[in-house]
Amino acid sequence: MLTLGIESSAHTFGVGIADNGKILANEKAMYKIELSGMIPKKVAEHHVQNVQPVISAAISKAAITPKEIEGIGYTKGPGIGTCLQVGQIAAKTIARKLNIPIVPVNHGIGHIEIARINSGLSDPLVLYVSGGNSQILKLSKKPYPHYGVMGETFDIGIGNMLDTFARETKLNPAWGSTVEKLAKWGRYINMPYTVKGMDFSFTGILTHSIKAAKQNSIHDVCFSLQETAFSMLCEATERALLLTNSTEMCVCGGVAQNSRLKEMLESIAKEHKARLGFTDNQYNADNGAMIAFVAERMLKNGAKTSLDQCKIEQRYRIDQAKVY
Ligand code: FE2
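Model, not experiment: these values are computed from the prediction.

1. Quick look at the domain arrangement of the protein chain
You can read the domains of the protein chain as domain 1 (2-110 + 283-320) and domain 2 (123-278). Computed from C-alpha coordinates alone, the two centres of domain 1 and domain 2 are separated by 26 Å. Facing 16 residues of domain 1, the contacting portion of domain 2 comprises 19 residues. Summed over the shared surface of domain 1 and domain 2, the number is 1 salt bridge. Between Glu-152 and Arg-317 there is a salt bridge, and its shortest N-O distance comes to 3.3 Å. Between the two partners, domain 1 and domain 2, sit 4 residue pairs in polar contact (both at pLDDT 80 or more). It is helix H3 (residues 107-118) that contributes the most residues to the side of domain 1 that touches domain 2, 3 residues altogether. Grouping the constituent residues of the side of domain 1 that touches domain 2 by class yields 7 nonpolar, 6 polar and 3 charged.

Following this line, the structure appears as structure tokens:
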């Protein structure tokens, strides 16, 4: 079922096209984040300007005509309201014009399902790590199929923490990926460590690291920040793995692009004879392909939403989203 998906929850305006689970196109335009961070109005303006060019690029990449599109999905949330609205309006306009079914998709479900299915896992313990989210999840059947939250951040997502550290210490570019590069030549210095059961907190280590960067080598701070924050995630994930007796683990979301985190999770998986699955980095970054991928599965499995029901929800929790 040829399905188009639109992602616009944060800095990326992405459009993907899927057909029978195969990704035919995954095009995007990314808002360039400056030291002031993301200003919602400016990001939404960027998305508005990119609606038409990115949709056209995806259609031409997939080598299809608009009339062949049989269904459409968009990110309902979580995300920045003004940005989500751009994708929602674009999707509703296309659905109305082509008279095709439309479904709202949870952003996190997009990341998880494309990673889970691409890596051939059936029922993994999931570590979902992105800018706004850091959660340990497991599929639960009751009262409806959904990803139940076993553990999560008490405050900010780990991606947001790394990006904020990069901005506050004026790294260029001000992204978590710069922290990963600089961490390669660092030595360990003490950092605060906060894990409670399967939950964790990142604001303490963020404040400490920003202060520490004034008196220590940036390489040492980046290295120690990564090692400590990832150890917190790993400790909580390992606890959840043992509690659920899982033999499969899956890591996804923007921070799953970090090779040090994957290396640490690999060692836990090996220790407990579990398999670690992850997907191509283009699907860990925000993208429209995962929305098309999940929307197609939803539509094929009977999800129905009228145009009037197609809303956005800035705080759309993953455990409120039905998995099809
Ligand atoms: Fe994301």
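The discussion continues.
2. Details of the coordination of the iron ion
Around the iron ion, the donor atoms from the protein are His-107 (NE2), His-111 (NE2) and Asp-286 (OD), and they sit 2.0 to 2.2 Å away. For the iron ion, all donor residues lie on one chain, and their spacing in sequence is H-x3-H-x174-D. Taken together, the residues His-107 and His-111, both in helix H3 and 4 residues apart, mark about one turn of the helix.

3. A closer look at the nonpolar core
Val-129, Ile-158, Met-161, Phe-165, Phe-202, Leu-233 and Leu-261 are the most contacted members of the largest nonpolar core, which has 46 residues in total. Mapped by element, the contributors of at least two residues to this core are strand E6 (125-129), helix H4 (158-168), helix H5 (176-182), helix H6 (203-212), helix H7 (218-244), strand E11 (248-252) and helix H8 (259-271). Among the elements that line this core, the one with the most residues is H7, at 11 residues.

4. Notes on the environment of Gly-77
Considering the arrangement of structural elements, one finds Gly-77 in strand E4 (residues 71-77). The class for Gly-77 is buried, based on a relative accessible area of 0%. Considered as a pair, Gly-77 and Ile-312 are 235 residues apart in the sequence and their alpha carbons are 6.0 Å apart. Residues in contact with Gly-77, not counting those within four places in the same chain, are Leu-84, Val-105, Asn-106, His-107, Glu-313 and Tyr-316.

5. Focus: the side chain of Asn-133
Inspection of the secondary structure assignment puts Asn-133 in the loop between E6 and strand E7 (134-140). Leaving out residues up to four positions away in the same chain, Asn-133 has contacts with Pro-78, Tyr-128 and Gly-157.

6. Digging into the layout of surface pockets
Estimated volume of the largest pocket: approximately 1,400 Å³. Around the largest pocket, the lining comprises 46 residues; the ones closest to its centre are Ser-130, Gly-131, Gly-132, Asn-133 and Asn-160. The residue makeup of the lining of the largest pocket, split by class, is 14 nonpolar, 24 polar and 8 charged. The residues that make up the lining of the largest pocket include at least three from each of domain 1 (2-110 + 283-320) and domain 2 (123-278).

7. Some remarks on the sheet that holds strand E3 (residues 22-30)
If you walk across this open sheet you meet the 5 strands as E3-E2-E1-E4-E5, and the pairing is mixed. The open sheet has two edge strands, E3 and strand E5 (102-106), and neither has a second partner. Strand-to-strand, the axes of this sheet are offset by a mean angle of 20°, without reference to chain direction. Bridging between strand E1 (residues 3-7) and E4 involves 4 bridges; their strand directions are parallel. What sits directly across from Thr-3, in E4, is Gly-71. Sheet strands in contact with helix H1 (residues 40-62) are E1, strand E2 (12-19) and E3, and its direction is about 155° off that of E3.

8. Some thoughts on the packing of aromatic side chains
Tallying each qualifying case throughout the model produces 1 aromatic pair. Positioned above the aromatic ring of Phe-278, the side-chain terminus of Lys-262 is 4.7 Å from the ring centre.

9. Things to note about the sheet that holds E6
On the basis of which strands lie adjacent, the open sheet formed by 5 strands has the order E8-E7-E6-E11-E12 and mixed pairing. Lying at the two open borders of the sheet, with one neighbouring strand each, are strand E8 (146-152) and strand E12 (275-277). Ignoring strand direction, the axes of neighbouring strands in this sheet form an average angle of 25°. Judged from the 4 bridges that link them, E6 and E11 form a sheet pairing that is parallel. The residue of E11 that forms the bridge with Tyr-128 is Cys-252. Docked against the sheet, H7 engages E6, E7, E8 and E11, running at close to 160° with respect to E6.

Conventions and cut-offs
Residues numbered from 1 in each chain as written. Predicted model: local features only at pLDDT ≥ 70, side-chain atom pairs only at ≥ 80, totals over all residues. Heavy atoms only, no water. Domains from an automatic or database assignment. Contact = heavy atoms within 4.5 Å. Salt bridge = Lys/Arg side-chain N within 4 Å of Asp/Glu carboxyl O. Polar contact = N/O pair within 3.5 Å; in protein donor to acceptor, adjacent residues only side chain to side chain. Helix = DSSP H or I, 4+ residues; strand = E, 2+ residues; numbered from the N terminus. Nonpolar A, V, L, I, M, F, W, Y, C, P; charged D, E, K, R; others polar. Donors = N, O, S within 2.8 Å, 3.2 Å for Na, K, Ca; no water. Core = buried A, V, L, I, M, F, W, Y, C linked by side-chain atoms within 4.5 Å. Buried < 20%, exposed > 50% of the residue type's maximum accessible area, 1.4 Å probe, protein only. 1 Å grid on protein atoms, 1.4 Å probe; cavity = no way out; pocket = protein on both sides within 12 Å on 5 of 7 lines; lining within 4 Å. Points joined across faces, edges and corners; volume = space filled by probe spheres on them. Pairing = 2+ DSSP bridges. Axes fitted to C-alpha atoms, helices over the stretch in contact; angles between N-to-C directions. Phe/Tyr/Trp six-rings, centres within 6.5 Å; stacked < 30°, edge-to-face > 60°. Lys NZ or Arg CZ within 6 Å of the ring centre and 35° of its normal.

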